[in-house]
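# Summary of the model geometry
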Amino acid sequence: MRERQTGRMIVIGGGLVGLVTCFELSEQGFQVTLIDPEPASGATHYAGGMLAPIAEVQYRQEALFPLMLQAAALYPDLIERVSRASASPIDYRPRGTLVVAADRADARHLQELGDYQRLHGMSPVELSVTRARRLEPALSPRISGAVSIPDDHQVSPRLFAAALLDVLKQRGVKIIRERVRHLEGADPCLAVHTETQVIETGDAQVILANGLGAAQVSGWYTQDNPLQLRPVYGDIMNLRVPEYLRPLSERVIRGFVEDRPVYLIPRSDGTLTLGASSRENDSALPNVGAVHELLRDGIRLLPGLEECELLEVGVGARPGTPDDLPYLGRVGRNLIISTGYFRHGILLSALGAHAVVDLLLGKKLPAGVDLTACDPWRHVGGSAPAAHSGAAQHPGTPPF
Ligand SMILES: Cc1cc2nc3c(=O)[nH]c(=O)nc-3n(C[C@H](O)[C@H](O)[C@H](O)COP(=O)(O)OP(=O)(O)OC[C@H]3O[C@@H](n4cnc5c(N)ncnc54)[C@H](O)[C@@H]3O)c2cc1C
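Bear in mind that the values here come from a model prediction, so they are computed numbers and not experimental data.

In the vicinity of the ligand, 41 residues are found, and the nearest of them are D36, T44, M50, V180 and F342. For the ligand, an oxygen atom lies 2.9 Å from a polar atom in the backbone of A43. Note that a nitrogen atom of the ligand is positioned 3.3 Å from one of the side-chain N or O atoms of R179. Isolated, the ligand exposes 1000 Å² of accessible area, and the fraction of that covered by the protein chains is 96%. At the level of secondary structure, the elements contributing two or more residues to the shell around the ligand comprise α1 (16-27), α2 (43-46), β13 (230-240), β17 (309-320) and α8 (345-361). In terms of residue class, the shell around the ligand is built from 20 nonpolar, 15 polar and 6 charged. The residues that make up the shell around the ligand include at least three from each of domain 1 (8-48 + 158-229 + 322-388) and domain 2 (97-150 + 231-319).

See below:
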């Protein structure tokens, strides 16, 4: 039987990373407080929800691969525990992913990507176009190549966040709906300053997990903010598939169309998510060109999209970091940073939350997971309180 922990935890930020962290802490028996003016309102609200450590492989991101694979391995158990605790639907669909190529150049790209994935121990399965269309009959007959990735799954981030909030409420997690402005000190962190109150930390541990918002929370570093977060905007759409075409697809369909990536994520309620652009032009409203491209490329792969109703066009801001790796680690005896999950935060939330619990309990991280590269201090020299520089991988300090 699991030993129940005692102690207070303050989690700042209730996007999927903060919510899964609160859930894992409550699983351990900790008394949790969540501070967020509007939980699940950030990137989580707009995310596609692909749990795709293989399909999302990008060149020169080798340090991310083991984290993504480990996170994917943790997901089924996470989903099972949340589903046991809440009757809210999650729409977790472990049905695999098809990656398709629009033209011959895209097919070559897909082949090269497959070679790179295999080099890193992953196993995409090449399919003939006929075979791919047998699996997904709505695919255009004009595609030039296809790969099946049975182990890349999906979840609905909005439903998952709602289910997690439901569990947290049932378990008596206190939710303070305010924005955090400032932390008083780092080592120790003495108090959390919100817009209207000062919350003394006492013996509590504080986890700063508020996505892009972490860049605005000051007080815990001495010189420049070590968290170099930037918004990377993603345009995304939700469509309703007409009854007579359902299901338009069973699996996630990702594609390359003249080298542009596009994806389609089917949901159990008969809707589809079509995404996503990647823009760094500081425009937080939907971009006409990006939306046009996504619709055009999506229709080229799955012509039936033309029959769908357009329910929603939205833009989310991914919390990007200079090296695409999260900031995850202890920065003070009662302060842990967990942010910067960029393009993969829905997937990586499982690992991030697990790592926070391991850091708190002074436990070893799962085999093969090395968080050294995620050190929150890695982009600045000299701001870290001397005793804690480079603390990401070393629980070092006792939990309380
Ligand atoms: C279009 C798009 C598609 C994506 N698709 C995928 C995908 O398919 N798979 C995947 O794994 N990832 C995907 N992502 C990335 C993923 O959404 C993010 O990495 C993830 O949501 C980060 O989670 P988070 O909890 O750290 O941040 P967020 O989801 O941004 O949540 C931050 C939370 O902190 C709160 N907050 C902010 N400032 C403060 C403050 N000062 N005080 C208190 N609370 C505060 C906000 O209200 C919010 O609730 C996508 C992102 C976008 C934009």
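Take empty space enclosed by the protein next. According to the stated counting rule, one finds 2 cavities of 30 Å³ or more in the structure shown. Roughly 60 Å³ of internal volume is contained in the largest cavity. If you trace the largest cavity, you find it lined by A55, V99, L110, L113, G114, Q117, P124, V147 and I149. Where the lining of the largest cavity is concerned, the elements lending two or more residues are α4 (104-119) and β6 (145-149). For the lining of the largest cavity, the element with the most residues is α4, which contributes 4 residues. Looking at the lining of the largest cavity residue by residue, the classes come out as 7 nonpolar, 2 polar and no charged. Volume-wise, the second largest cavity comes out at about 30 Å³. Around the second largest cavity, the lining residues are L67, P326, L328, Y341, L348, L351, G352, L371 and C374. For the lining of the second largest cavity, the leading source of residues is α8, giving 3 residues.

Turning to the UniProt feature "domain: FAD dependent oxidoreductase" (unreviewed entry) in the chain, a few remarks are in order. This chain's UniProt record puts "domain: FAD dependent oxidoreductase" (unreviewed entry) on residues 9-359. Within residues 9-359, the helical portion is 30% and the strand portion 28%, while the C-alpha atoms at the span's ends are 13 Å from each other.

Moving on: the domain arrangement of the chain. The domains assigned to the chain are domain 1 (8-48 + 158-229 + 322-388) and domain 2 (97-150 + 231-319). Domain 1 and domain 2 are separated by 32 Å when their C-alpha centres are compared. At the interface, 13 residues of domain 1 touch 16 residues of domain 2. For the pair domain 1 and domain 2, the summed buried surface comes to about 1100 Å²; carbon and sulfur atoms form 60% of the total. For the interface between domain 1 and domain 2, the tally reads 1 salt bridge. The partner of R158 in a salt bridge is E312, and the shortest N-O contact between them spans 2.8 Å. Across the domain 1-domain 2 interface, the total number found is 4 residue pairs in polar contact (both at pLDDT 80 or more). Ranked by residues supplied to the side of domain 1 that touches domain 2, first place goes to α2 with 3 residues. Grouping the constituent residues of the side of domain 1 that touches domain 2 by class yields 7 nonpolar, 4 polar and 2 charged.

Rules used in this analysis
- Residues numbered from 1 in each chain as written.
- Predicted model: local features only at pLDDT ≥ 70, side-chain atom pairs only at ≥ 80, totals over all residues.
- Heavy atoms only, no water.
- Near = heavy atom within 4 Å.
- Polar contact = N/O pair within 3.5 Å; in protein donor to acceptor, adjacent residues only side chain to side chain.
- Areas by Shrake-Rupley, 256 points an atom, 1.4 Å probe, with all protein chains shown as cover.
- Helix = DSSP H or I, 4+ residues; strand = E, 2+ residues; numbered from the N terminus.
- Nonpolar A, V, L, I, M, F, W, Y, C, P; charged D, E, K, R; others polar.
- Domains from an automatic or database assignment.
- 1 Å grid on protein atoms, 1.4 Å probe; cavity = no way out; pocket = protein on both sides within 12 Å on 5 of 7 lines; lining within 4 Å.
- Points joined across faces, edges and corners; volume = space filled by probe spheres on them.
- UniProt positions renumbered as here; feature names shortened; annotations may be inferred.
- Contact = heavy atoms within 4.5 Å.
- Buried area = accessible area lost by both parts, 1.4 Å probe.
- Salt bridge = Lys/Arg side-chain N within 4 Å of Asp/Glu carboxyl O.

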